[in-house]
Structures are given as C-alpha cells and as structure tokens.
Amino acid sequence: AAMIKHMDETVDPCDDFYEYACGRYLKENVIPEDKTSIGTFYSMRNKIVPKLRESLMEDIGPNDIEATIKAKDMYAACMNETAIENRGMTPMRDYINSLGGWPILGEVPWSIPWKRKKINWWFLAAKHDDFTYILSCFQ
C-alpha cells in the first residue's frame with residue numbers, strides 16, 4: 001500500500017518508469033538543502049523521533065514496563081545538562097579507568113610496562129556490556 005501511494009499513475013511507465021514508480025513521492029517529499037537524498041526511512045524517522053521524544057519525556061506511569069522505565073530514566077539523565085556539567089568528566093574517567101585506563105588522560109603512565117600489560121579483552125567486553133554499570137555513570 002505504501003508503494004502505491006508513492007506512484008504517479010498519470011505517467012505512462014513506458015515513457016518514464018522512474019516518474020511512474022516514484023513521482024508522487026518526489027512531489028510530496030522535497031530533499032532538504034542539508035541532505036543529498038532522502039528515502040522512506042528518513043521520512044519515517046522524522047515522524048517517529050518527535051513522538052518517541054514526547055513519550056520519553058512523559059512521567060513514568062504505573063503501567064510502564066521495565067524497559068520503558070529504563071529508557072525514560074536514561075533519557076532524563078542524558079537531558080539533565082546541569083547534573084552533567086556538575087559531574088564533568090569524572091564518570092567517564094572512572095569508567096575508562098575501570099577498564100584499565102588510557103594514558104592520554106594522564107592517569108596511566110606511557111611507560112613500557114603499561115604497553116606490555118596484558119589486556120583481558122573478554123573482561124573488557126563483558127564489563128562494557130554491563131548495562132547497569134554504564135547507566136550508573138549517567139545517574
């Protein structure tokens with residue numbers, strides 16, 4: 001049904017198949033100046049994102065499931081610019097240090113022992129995937 005509404009059936013497909021197949025879509029969806037192209041996913045995103053944002057900004061309700069509550073909490077934490085500015089880089093530095101540090105931050109020396117230090121990638125991946133730990137950095 002979505003494809004049919006994008007077609008321009010006034011055009012003969014033998015003359016201009018592209019115009020026939022996509023003509024109405026092209027007339028109804030102008031490409032913004034800051035984009036090189038658009039498509040149905042772009043159009044859907046522009047319709048869905050404002051609704052999603054509005055939903056995330058609503059207070060947590062008694063019928064919200066756990067996933068919705070976590071999404072609303074995370075969104076609220078990410079939008080709380082005052083708290084983010086007050087904490088500064090401390091949560092991110094703590095998180096990076098919990099993974100073994102990063103010399104560019106100045107908290108781990110650029111010494112040879114650090115370079116030769118064995119890194120347990122399995123541990124880092126598991127720790128990185130710990131959603132609760134990552135969330136705690138933002139709260």
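Please refer to the structure higher up on the page.
Since we're looking at a predicted model, the values are computed, not measured. (Residues numbered from 1 in each chain as written. Predicted model: local features only at pLDDT ≥ 70, side-chain atom pairs only at ≥ 80, totals over all residues. Heavy atoms only, no water.)

Engineer: In this structure, what is going on with the overall build of the protein chain? I would like to understand it.
Structural biologist: Along the backbone of the protein chain there are 9 helices and 0 strands. Each helix and strand of the protein chain, placed in order from N terminus to C terminus, yields the pattern α-α-α-α-α-α-α-α-α. Every one of the 139 residues in the protein chain was classed for burial, and the buried ones make up 15%. In the form shown here, the protein chain has an accessible surface area of approximately 11300 Å², with 61% of it arising from carbon and sulfur atoms. (Helix = DSSP H or I, 4+ residues; strand = E, 2+ residues; numbered from the N terminus. Buried < 20%, exposed > 50% of the residue type's maximum accessible area, 1.4 Å probe, protein only. Areas by Shrake-Rupley, 256 points an atom, 1.4 Å probe, with all protein chains shown as cover.)

Engineer: Even after reading the chapter, I still don't get the side chain of His 6, so can you show me in this structure?
Structural biologist: With respect to the helices and strands, the residue His 6 is situated in helix α1 (residues 2–6). Other than its neighbours up to four places away in sequence, His 6 contacts Ala 21, Cys 22, Gly 23, Arg 24, Tyr 25 and Thr 40. (Contact = heavy atoms within 4.5 Å.)

Engineer: It is not clear to me how the pattern of salt bridges should be interpreted in this structure. Could you clarify?
Structural biologist: Pairing is possible between side chains of opposite charge, provided their charged atoms come close. Applying the stated criterion across every chain yields a total of 4 salt bridges. Close ionic contact of Glu 19 with Lys 27 constitutes a salt bridge, the shortest N to O distance being 3.8 Å. In this structure Lys 27 comes out as exposed when scored by relative accessible area, which is 55%. Lys 72 is the salt-bridge partner of Asp 64, the closest N and O atoms lying 2.8 Å from each other. You can call Lys 72 buried: its relative accessible area is 6%. Salt bridges linked by common partners bring Asp 8, Glu 19 and Lys 27 together as one network. (Salt bridge = Lys/Arg side-chain N within 4 Å of Asp/Glu carboxyl O.)

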